[in-house]
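Single-letter residue listing:
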Amino acid sequence: MSTAFIVFLLVFVCFLFLGAPIYLCLLCSGLSYVYLHGGIDNMAVMAKMYGSLNNFVLLAIPMFMMAGKIMNTGGITDRIFGFCRSVLGHFPGGLAYVNVLASFIFSGMSGSALADVGGLGAVEIKAMRDEGYEDDVIFGVTAASATMGPIVPPSIPMVIYGAAASVSVGTLFMAGIGPGVVIGLILSAYVYYIAKKRKYPVHKRSNLKEIWGWFRKSFWALLMIAIILGGISGGFFTPTEASCVAIVYCIFAVFVIYKDMKPHELLGCFSDTVVDIVPALAIVASASLFGWVLQFEHLGKLMMNGMMAISTNKWVILGMIDLILLFFGMILDSTPTILLLVPIFQPLVREIGISEIHLGIVVVLNLMIGLMTPPYGQSLFMLSGATRTPFNKVVSYVIPWLLPMFIALILVTFCPAITLTIPRLLGMAV
């Protein structure tokens, strides 16, 4: 191990513990390696960083972010929640089921767990508090159900993975449907257990007229899912083109059909998207330099040899990959983690015969669980800030809900059919 590489690791760890933005941690450590190593062309470094951003697939990220902001601002989330409440509100713990179903539906539009927490989550938390639900259930089910956002297509992290691994994003989207359903069912089972244990009251069942009324109100919102998934699976447009379609459709829905949005609010959505996407792109560029250093030092080969020395059984290796991803998910955002680890894992999974599509879903699910685990869990910080609840309390509320998520992770990891059945039925190569 060279002196430059040791300094590279020390700079990264020091910046991380000092609380510096993650792109600075990655960038400064990478530049320190380039400076100390010597003999590395600075223009080649700049070309590497620029080339990481010059990717058509990555255009989908700001587009889906923009679509999510329009849906939250234009009242689409309220209509989705109202429809789900009319269908499931009469079950014991009904609003917790509604939380899960609404998150599943919203996931098919936004592609972001944080968009779910920040938009739909605010509606869900208020409704559950108004009906007297305990905070541990409110925060737990909201954080856990939001993890479906990047699993159910479309998905921003899957776009990042597709770009990093050079695999079909459309196939990844279709592969996420099965795991999304599994997560929803497991969370619903956990809600059922809690509702029976705490003897939650049962509310009056909505009649068909009420359900039909809410369906009519939310129809145009629900239709967006069919347009996006149908368009991608039918080959009418690519995932990047689907993100553009999503924006146009959202603007049409909130201005022409629902008339719940004003022009200045749309400009605010554009402004917020630009503010949010710049740090994300900075992470992509700096992570490309950081990852290049790891490849230059042959870390991927060392990790592959180390894991293969422990076991050549693909299930054992998948378990080790889960543990590594869970650890990194606790301390890093999903974007740099995908960009750093996927190039290291790819030669390994190819060697032992694991589908890279299956790996993609495993990677994303692990990192979404990381959003609800301390110390870096962004969903936890967002819930804490939005509700003015102390962070340590939010953590204590959410921790028990990691159990159903780990069960879902084990099933998705060790039962590839959950992930690969739908893409195979659609004739997508996996």
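Relevant structure appears above.
Summary of the structure given here. (Residues numbered from 1 in each chain as written. Predicted model: local features only at pLDDT ≥ 70, side-chain atom pairs only at ≥ 80, totals over all residues. Heavy atoms only, no water.)

**Let's talk about the overall build of the chain**
Cut-off, in case you're wondering: Counting from the N terminus, the helices are the DSSP runs of H or I reaching at least four residues and the strands are the DSSP runs of E reaching at least two. When we talk radius of gyration, it's over C-alpha atoms, and the globule rule is simply 2.2 Å times the number of residues to the 0.38. The cut-offs for exposure are 20% and 50% of the maximum accessible area for each residue type, with area from a 1.4 Å probe on protein chains only; residues under the lower value are buried, those over the upper are exposed, and the others partly exposed. The contact rule is simple, with two residues in contact once any of their heavy atoms fall within 4.5 Å. Accessible surface area values rest on a Shrake-Rupley calculation with a 1.4 Å probe, where residue burial reflects the displayed protein chains alone. In this count, Lys and Arg are taken as positive residues and Asp and Glu as negative ones, while His and the chain termini are left out. By convention, the point assigned to a charge is CZ for Arg, NZ for Lys, CD for Glu and CG for Asp.
The helix and strand inventory of the chain stands at 22 helices and 0 strands. On C-alpha atoms alone, the chain measures out to a radius of gyration of 22 Å, which is about the 22 Å that the 2.2 N^0.38 rule sets for 430 residues. On the principal axes, the C-alpha backbone points of the chain span a range of 75 × 50 × 45 Å. For the chain, the proportion of its 430 residues judged to be buried stands at 54%. The long-range share in the chain, meaning contacts at least 24 apart out of those at least 6 apart in sequence, stands at 77%. Summed over all atoms, the accessible surface of the chain reaches about 18,400 Å², with 68% contributed by carbon and sulfur. Charge separation in the chain, taken as the distance between the mean sites of 23 positive and 20 negative side-chain charges, equals 10 Å.

**Describing a nonpolar patch on the surface**
To keep it simple, the criterion reads: Residues enter a patch when their relative accessible area is above 30% and they make no salt bridge; the linking distance is 9 Å between like charges and 5 Å between nonpolar side chains (Val, Leu, Ile, Met, Phe, Trp, Tyr). A pair is scored as a salt bridge if a Lys or Arg side-chain nitrogen falls within 4 Å of a carboxyl oxygen belonging to Asp or Glu.
There is a patch of nonpolar side chains on the surface, built from Phe-219, Trp-220, Phe-252 and Val-256 and spanning about 340 Å² of accessible area. Those elements giving two or more residues to the nonpolar patch turn out to be helix H12 (208–233) and helix H13 (239–257). Relative to the elements of secondary structure, Phe-219 occurs in helix H12. In this structure Phe-219 comes out as partly exposed when scored by relative accessible area, which is 32%.

**Examining helix H11 (residues 177–198)**
To keep things clear, this is the line we draw: Here a helix's expected span is defined as the number of its residues, less one, multiplied by 1.5 Å.
With 22 residues, H11 should reach 32 Å at 1.5 Å per residue; the first-to-last C-alpha distance of 32 Å fits that figure. Along H11, the residues that are buried comprise Gly-178, Pro-179, Gly-180, Val-182, Ile-183, Gly-184, Ile-186, Leu-187, Tyr-190, Val-191, Ile-194 and Ala-195. Once H11 ends, the next one or two residues include Lys-199, with phi positive near 55°.

**Regarding the packing of helix H9 (residues 156–165) against helix H17 (residues 334–352)**
Worth spelling out the cut-off: Axes here refer to lines fitted to C-alpha atoms; in helices the fit is confined to the stretch in contact. Angles between the N-to-C directions go from 0 to 180 degrees. Orientation categories follow fixed angle ranges, with anything under 35 degrees roughly parallel, anything over 145 roughly antiparallel, 65 to 115 roughly perpendicular, and all other angles oblique. The hand of a helix crossing depends on one turn: near helix anticlockwise from the far one by less than a right angle means left-handed, and clockwise means right-handed.
At a minimum axis separation of 9 Å, H9 and H17 run at an interaxial angle of 40°. On the basis of their axis angle, the class for H9 and H17 is oblique. Regarding H9 and H17, the two cross each other, and that crossing is right-handed. Facing Pro-157, Ile-160, Tyr-161, Ala-164 and Ala-165 of H9, the residues of H17 in contact are Thr-335, Ile-338, Leu-339, Val-342 and Gln-346.

**Quick look at the environment of Arg-424**
When you line up the elements, Arg-424 lands in helix H22 (residues 417–425). On the basis of relative accessibility, which here comes to 52%, the residue Arg-424 falls in the exposed class. On a C-alpha basis, the gap between Arg-424 and Arg-388 in space is 46 Å, while along the polypeptide they are 36 residues apart.

**Considerations on the layout of surface pockets**
Basically, it comes down to this: Detection works on a 1 Å grid of protein atoms alone, calling trapped sets that fit a 1.4 Å probe cavities and calling open sets with protein on both sides within 12 Å along at least five of seven lines pockets, with lining residues defined by an atom within 4 Å of a point. Grid points are joined across faces, edges and corners, and a volume is the space filled by probe spheres set on the points. Nonpolar residues are Ala, Val, Leu, Ile, Met, Phe, Trp, Tyr, Cys and Pro. Charged residues are Asp, Glu, Lys and Arg, and all others, Gly as well, are polar.
Taken as a whole, the second largest pocket encloses approximately 340 Å³ of empty space. Lining the second largest pocket are 16 residues, with Lys-48, Ser-52, Ala-164, Ser-288 and Leu-339 sitting closest to its centre. Put simply, the parts of the chain that give the lining of the second largest pocket at least two residues each are helix H3 (42–53), H9, helix H14 (263–296) and H17. Of all the elements, H14 adds the most residues to the lining of the second largest pocket, at 6 residues. Partitioned by chemical class, the residues of the lining of the second largest pocket number 9 nonpolar, 6 polar and 1 charged.

**Side note on the packing of aromatic side chains**
Applicable threshold: Here a Phe, Tyr or Trp ring, Trp counted by its six-membered ring, pairs with any other such ring whose centre lies within 6.5 Å, and the pair is stacked when the planes are under 30 degrees apart, edge-to-face when over 60, and tilted otherwise. We call a charge positioned over a ring when the NZ of a Lys or the CZ of an Arg lies within 6 Å of the ring centre and within 35 degrees of the ring normal.
Tallying each qualifying case throughout the model produces 15 aromatic pairs. Centroid distance Phe-8 to Phe-290: 4.7 Å. Interplanar angle 40°. Geometry classified as tilted. Here Phe-8, found in helix H1 (residues 3–17), pairs with Phe-290, found in helix H14; they are 282 residues apart in sequence, far enough to count as distant. One cation-aromatic arrangement involves Arg-79 over Tyr-258; the distance from NZ or CZ to the ring centre is 3.9 Å.

**Regarding empty space enclosed by the protein**
With a probe scaled to a water molecule rolled over the atoms, the places where space remains empty come into view. This structure, assessed with the given rule, holds 1 cavity of 30 Å³ or more. Estimated volume of the largest cavity: approximately 40 Å³. Around the largest cavity sit Gly-329, Leu-332, Asp-333, Ser-334, Leu-367, Gly-370, Leu-371, Tyr-376 and Gln-378, which together line it.

**Concerning helix H18 (residues 356–370)**
For the record, the criterion: Distance and chemistry together define a polar contact, namely a pair of N or O atoms within 3.5 Å, with one atom able to donate a hydrogen and the other to accept it when in protein, and with adjacent residues in sequence counting only for side-chain atoms on both sides.
Relative to the 21 Å expected for 15 residues at 1.5 Å per residue, H18 spans 21 Å between its end C-alpha atoms, a close match to the ideal helical length. Of all the 15 residues making up H18, 15 are buried; the element is thus mostly covered by neighbouring parts of the structure. Two or three places before Ile-357, at the opening of H18, Ser-355 has a side-chain oxygen 3.1 Å from that residue's backbone nitrogen.

**Quick look at the nonpolar core**
The test is simple: Residues belong to one nonpolar core when they are buried, are Ala, Val, Leu, Ile, Met, Phe, Trp, Tyr or Cys, and are joined through side-chain atoms within 4.5 Å.
If you look at the biggest cluster of nonpolar residues, it comprises 144 residues, and the most contacted ones within it are Ile-70, Tyr-161, Ile-321 and Trp-401. Leave out the neighbours within four places in its chain, and Ile-321 touches Met-307, Phe-345, Leu-348, Val-349 and Leu-359.

**Digging into the packing of helix H16 (residues 314–331) against H17**
As a packed pair, H16 and H17 sit with axes 12 Å apart at the nearest point and diverge in direction by 175°. Between H16 and H17, the angle falls in the class roughly antiparallel. For the pair formed by H16 and H17, the contact residues are Lys-314, Ile-317, Ile-321, Ile-324, Leu-325 and Phe-328 on the first element and Thr-337, Leu-341, Phe-345, Leu-348, Val-349 and Ile-352 on the second. Of the residues that constitute the contact of H16 with H17, the class distribution is 10 nonpolar, 1 polar and 1 charged.

Such coordinate-based values are descriptive only and should not be taken to indicate function.
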